[in-house]
Amino acid sequence: QDARVAQILAEHGVKTVCPSADSAFSAFDKWQTHLLLEKHGFSIPNAVYVHHELSWCERGNKEIKTNVYKDYVLSAIQKLKLPLIIKDTVGLSSYGAEVVPTYKAAAGFLQSHKNSSDRIVEEYVSGFQFGTEIHGTPGSYTVMPPFMFSVNQYGITSPKQSVKAGPVTSDCFKIAELNDMLVRLAEELGFSGIVQVDLVFSPENGGKWYILEINPRLSGMSELYARAQGLSLCKMLLKIVLGQPSEKLDCACNIKFPLLSVHQLAELHELPFVKYIHQIHNLAARQKREIGYCELIFTGKNFVALEENLNRLESCFPDAVEPAFIQKARELMGILKESICKNQNP
């Protein structure tokens with residue numbers, strides 16, 4: 001929608017700094033994104049597109065004795081490396097994604113009543129999952145240091161359960177290579193404004209970065225980068241529009257709490273290291289676990305200080321914090337502290 005507004009303004013002679021409607025369209029359809037990245041030679045997981053209507057074209061067509069399309073697609077899926085992720089071609093934040101360990105499970109899902117739309121069947125790339133943003137305009141891009149994402153029991157990020165910590169700057173993760181890759185991505189696709197990118201760093205084969213998704217829009221990552229710089233989101237956007245360099249990032253963590261009372265929110269607000277609080281209510285929830293959550297961003301001068309602030313949150317709100325989120329945050333901070341030590345002592 002931002003891109004369409006910018007397109008309409010441009011048609012009336014109003015200059016904007018915003019992703020184009022074309023780039024937004026390409027990113028909306030995950031298969032179009034896959035083809036675009038493949039065309040420009042970026043590292044992406046191998047995948048097969050499954051057109052739902054063609055997969056069932058024999059329904060109501062007695063003259064079709066053999067569904068050649070289905071046979072071909074299933075044979076292509078059989079050649080993919082296991083495990084596999086099955087996901088919608090549209091949507092966001094891993095909603096509806098299925099992780100399957102075998103070809104039989106993949107074929108069974110695609111031919112079941114659970115499948116009612118076009119799908120992408122993709123090889124699961126093992127490694128560390130990250131998100132980052134590209135800020136700027138053609139000829140002047142800044143790739144923000146990535147943040148590491150926690151994953152669920154299936155090895156994918158979950159919108160309601162993911163913890164994010166960073167920034168990651170250690171050479172252990174080949175940050176220079178990532179920067180070069182994403183600047184090339186921005187230049188070749190002509191990005192403008194803010195573009196969020198989901199990534200995997202796979203230690204296999206000496207370490208390699210894969211692009212999973214592109215989101216040319218504001219995202220939860222945008223708020224995280226703003227707060228890590230000590231800025232509001234609006235001030236960070238203004239710096240991008242004016243072409244000013246980003247501020248130095250503090251270490252930061254995005255974590256979820258259950259819904260909190262007004263009193264608890266006020267107590268959180270008083271903590272100097274808590275930079276952002278956003279309570280999300282789901283008024284249409286049918287189950288308790290779906291009623292909503294409280295998202296907060298807190299910072300520290302380094303990962304040791306960040307972990308100390310995490311411990312303080314746990315001690316100040318023992319009845320509110322969920323141990324699983326605290327544990328995920330500690331695991332991420334442990335990995336990031338270890339990467340810094342490796343970088344200092346190669």
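Report follows, based on the coordinates. (Residues numbered from 1 in each chain as written. Predicted model: local features only at pLDDT ≥ 70, side-chain atom pairs only at ≥ 80, totals over all residues. Heavy atoms only, no water.)

## Thoughts on the state of the cysteines
Reasoning step 1: Per the counting criterion, the structure on display carries zero disulfides.
Reasoning step 2: With no disulfide of its own, cysteine 253 has cysteine 251 as its nearest cysteine by sulfur position, at a separation of 11 Å.
Reasoning step 3: Among the residues examined, cysteine 253 registers a relative accessible area of 0% and is labelled buried.
Reasoning step 4: Cysteine 294 takes part in no disulfide bond, and the closest cysteine sulfur to it belongs to cysteine 253, at a distance of 13 Å. (Disulfide = S-S within 2.5 Å. Buried < 20%, exposed > 50% of the residue type's maximum accessible area, 1.4 Å probe, protein only.)

## Re the pairing of strand S13 (residues 292–300)
Reasoning step 1: Of all nine residues in S13, eight are buried; the element is thus mostly enclosed.
Reasoning step 2: Relative to S13, strand S11 (residues 251–257) runs antiparallel, the two being bridged by seven bridges. If you follow alanine 252 over to S13, its bridge partner there is threonine 299.
Reasoning step 3: Bridge count between strand S12 (residues 274–281) and S13: seven bridges; the pairing is antiparallel. Counterpart to tyrosine 276 in the pairing with S13 is isoleucine 297. (Helix = DSSP H or I, 4+ residues; strand = E, 2+ residues; numbered from the N terminus. Pairing = 2+ DSSP bridges.)

## Here's the deal with the nonpolar core
Nonpolar side chains tend toward joint burial in soluble globular proteins.
Reasoning step 1: Among the nonpolar cores identified, the biggest contains 52 residues, and Leu182, Leu185, Ile211, Ile255, Phe257, Phe298 and Leu313 are the most heavily contacted of them.
Reasoning step 2: Counting residues per element, this core draws most heavily on helix H7 (residues 175–189), which supplies seven residues.
Reasoning step 3: In this view, phenylalanine 298 contacts Cys251, Ala252, Cys253, Ile255, Phe273, Val274, Lys275, Leu306, Asn309, Leu310, Leu313 and Met333; residues no more than four positions away in its chain are not counted.
Reasoning step 4: In this structure, Met144, Phe149, Met221 and Ala226 belong to the second largest nonpolar core, which totals 16 residues. (Core = buried A, V, L, I, M, F, W, Y, C linked by side-chain atoms within 4.5 Å. Contact = heavy atoms within 4.5 Å.)

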